[in-house]
Amino acid sequence: MAKKPGNLAAMKSRAAKSAAVVAAPAGAAPAEPKKPRTSIPEFIRQVRAEGRKITWTTWKETWITSIMVFIMVIMAALFFLLVDWMLSNGVRLVLELVSGTAQ
């Protein structure tokens, strides 16, 4: 792309205007006011109140979920073992056909 003809002063003026627009956008939002700090006793009360809302699973639910995860891991391992075996046999077959050593 060819340069626009012009003098150095005009180019500096355009650069200054561009920098001013980038540096200070017209619709800049004012900074949000800071929230008041919570005292330590109030913070501890809030933490305890949130702690009371927690529901824990029972031992039976945890055990059943752990067994289900273990079963899914075994199933995924068997699936990937099968896929790996099929792909390795397929690659071996293709390589034997290409090299001419097929039996």
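As the structure is a prediction and not an experimental result, all values here were calculated from the model.

Conventions we followed
Residues numbered from 1 in each chain as written. Predicted model: local features only at pLDDT ≥ 70, side-chain atom pairs only at ≥ 80, totals over all residues. Heavy atoms only, no water. Helix = DSSP H or I, 4+ residues; strand = E, 2+ residues; numbered from the N terminus. Buried < 20%, exposed > 50% of the residue type's maximum accessible area, 1.4 Å probe, protein only. Areas by Shrake-Rupley, 256 points an atom, 1.4 Å probe, with all protein chains shown as cover. Patch = residues over 30% accessible without salt bridge, like charges linked within 9 Å, V, L, I, M, F, W, Y side chains within 5 Å. Salt bridge = Lys/Arg side-chain N within 4 Å of Asp/Glu carboxyl O. Phe/Tyr/Trp six-rings, centres within 6.5 Å; stacked < 30°, edge-to-face > 60°. Expected span 1.5 Å × (residues − 1). pLDDT = per-residue confidence, 0-100.

K.L.:
Before we move on, could you go through the overall build of the protein and cite the residues and values that matter?
P.N.:
The number of helices and strands found in the protein is 3 helices and 0 strands. Reading the protein from its N end, one meets helices and strands in the order α-α-α. The 103 residues of the protein split such that 0% are buried. Per element, the accessible surface of the protein, about 10500 Å² overall, is 70% carbon and sulfur.

K.L.:
Please provide a residue-by-residue account of a nonpolar patch on the surface, values included.
P.N.:
A cluster of nonpolar residues, Trp-59, Trp-63, Ile-64, Ile-67, Met-68, Phe-70, Ile-71, Met-72, Ile-74, Met-75, Leu-78 and Leu-81, forms a patch on the protein surface that exposes about 1300 Å² of accessible area. Mapped onto the secondary structure, Leu-81 falls in helix H3 (residues 59-99).

K.L.:
Run through the pattern of salt bridges, naming residues and quoting values.
P.N.:
Should the charged atoms of two oppositely charged side chains come close, the side chains can pair. Applying the stated criterion across every chain, the model contains 2 salt bridges. The partner of Arg-45 in a salt bridge is Glu-42, with the nearest N and O atoms 3.0 Å apart. Of this pair, Arg-45 and Glu-42 are both found in helix H2 (residues 40-52), 3 residues apart, which corresponds to roughly one turn of the helix. For Glu-42, a relative accessible area of 30% puts it in the partly exposed group.

K.L.:
A description of the packing of aromatic side chains should follow, citing residues and the corresponding values.
P.N.:
Enumeration over the complete set of coordinates arrives at 1 aromatic pair. Geometrically, the ring pair formed by Phe-79 and Phe-80 is edge-to-face, given 5.2 Å between the ring centres and 70° between the ring planes.

K.L.:
Requested: an account of H3, with residues and values cited.
P.N.:
Here H3 is 41 residues long and its end C-alpha atoms lie 60 Å apart, about the 60 Å a rise of 1.5 Å per residue gives. In the segment just after H3, Gly-100 is the residue with positive phi, at about 85°.

K.L.:
Any details on the confidence of the model for the protein? Residues and values, ideally.
P.N.:
Taken as a whole, the protein shows an average pLDDT of 84; of its residues, 81% reach a score of 70 or greater. When mean pLDDT is compared element by element in the protein, H3 scores highest at 96, while helix H1 (residues 8-23) scores lowest at 72.

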